[in-house]
Amino acid sequence: MSIKQVGNVLDLLEYFAARQRPASLAEIARHFGWPRSSTFNLLLTLTNRGFLYEPRARAGYYPAPVWAELITQIERGQPIPHGMRALLDLLVRETGETAVLAAASGAYALFIETVESPSAVRYAAPVGKRVPLHVTATGRALLSQMSANDRAAILEKAAYEKYTDTTRVSAAQVEAEIAASVQRGWFEGNAEYTQDLGGVAMPFAFGERRYALLVAGPMFRVASRLPELARVLRERLAEYLTEEGGSD
């Protein structure tokens, strides 16, 4: 279940992020197809709370700097591991594919830092993207770090939709793949969630937090390179954890 008003606020933020300039009440209402009165009430509420402002009189609304300050304070409480962006950049340079840092969020893996491949044909992985834990290499890497009871609870409630011909469609199949991946030393994605996309993922811990690191791309480039990608990922992750003081 989703709450419409909360969704409208998030949609509005994404709209401004893409637009990069102020917008009037009429422009916002027209863009979303919202009633003018409802749009006015939303903008007025956000303005009164200091979350929107008018950079120039009657020139339209724009998000206020308070958003950045709030995000900075939130990030101080649960920061992304130091140096992670540099690690993702390095992985992209060495593999030519997209690199992602993900964490568990309910039944999903949430992409919290990404660097996309420079190739025209690549795995598109925007920050904030969510993928099901049970269907993806990233998700299974995260599941592998959970207790047996926590993992079972997630797999029991999972919707085993068959996204592609290689999708695993039962908790037993997912558990078997997790066990095989742990034995192998890396987690494999084989076009199970998105047709023609695959890659490798590895779980790791940083302090008390649990993450997965993914390198992924189109199957025509990565299918024959999975062991190689896993080797690069393992070596660079080991170096990173040694330098930054995490634990694997």
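Above this note sits the structure.
Thresholds applied
Residues numbered from 1 in each chain as written. Predicted model: local features only at pLDDT ≥ 70, side-chain atom pairs only at ≥ 80, totals over all residues. Heavy atoms only, no water. Helix = DSSP H or I, 4+ residues; strand = E, 2+ residues; numbered from the N terminus. Phe/Tyr/Trp six-rings, centres within 6.5 Å; stacked < 30°, edge-to-face > 60°. Buried < 20%, exposed > 50% of the residue type's maximum accessible area, 1.4 Å probe, protein only. Core = buried A, V, L, I, M, F, W, Y, C linked by side-chain atoms within 4.5 Å.

**Overview of the environment of Ala29**
- Relative to the helices and strands, Ala29 is located in helix α2 (residues 25-32).
- Residues Ala29 and Phe40, spaced 11 residues apart in sequence, show a C-alpha to C-alpha distance of 8.6 Å.

**A short note on the packing of aromatic side chains**
- Tallying each qualifying case throughout the model produces nine aromatic pairs.
- Between Tyr15 and Phe32 the ring centres are 5.5 Å apart and the planes differ by 65°, which places this aromatic pair in the edge-to-face class. Of this pair, Tyr15 sits in helix α1 (residues 4-19) while Phe32 sits in helix α2, placing them 17 residues apart in sequence.
- Plain terms: the ring middles of Phe204 and Tyr211 are 5.5 Å apart, the flat faces sit at 25° to each other, and that makes the pair stacked. Side by side, Phe204 and Tyr211 carry an identical accessibility label, which is buried.
- Cluster of aromatic residues (ring-pair linked, three or more members): Tyr15, Phe16, Phe32, Trp34 and Tyr62.

**A closer look at the nonpolar core**
- Judged by nonpolar contacts, the single largest core of 28 residues is most densely connected at Met84, Leu91, Val200, Phe204 and Leu213.
- Those elements that place two or more of their residues in this core are α5 (84-95), β3 (98-105), β4 (108-115), β7 (197-206), β8 (209-218), α9 (219-222) and α10 (226-244).
- Considering each element in turn, this core owes the most residues, eight residues, to α10.
- Core analysis: the next-biggest nonpolar cluster, separate from the first, contains 21 residues, Val100, Ala102, Leu133 and Ala216 among them.

Distances and angles like these do not, on their own, reveal function.
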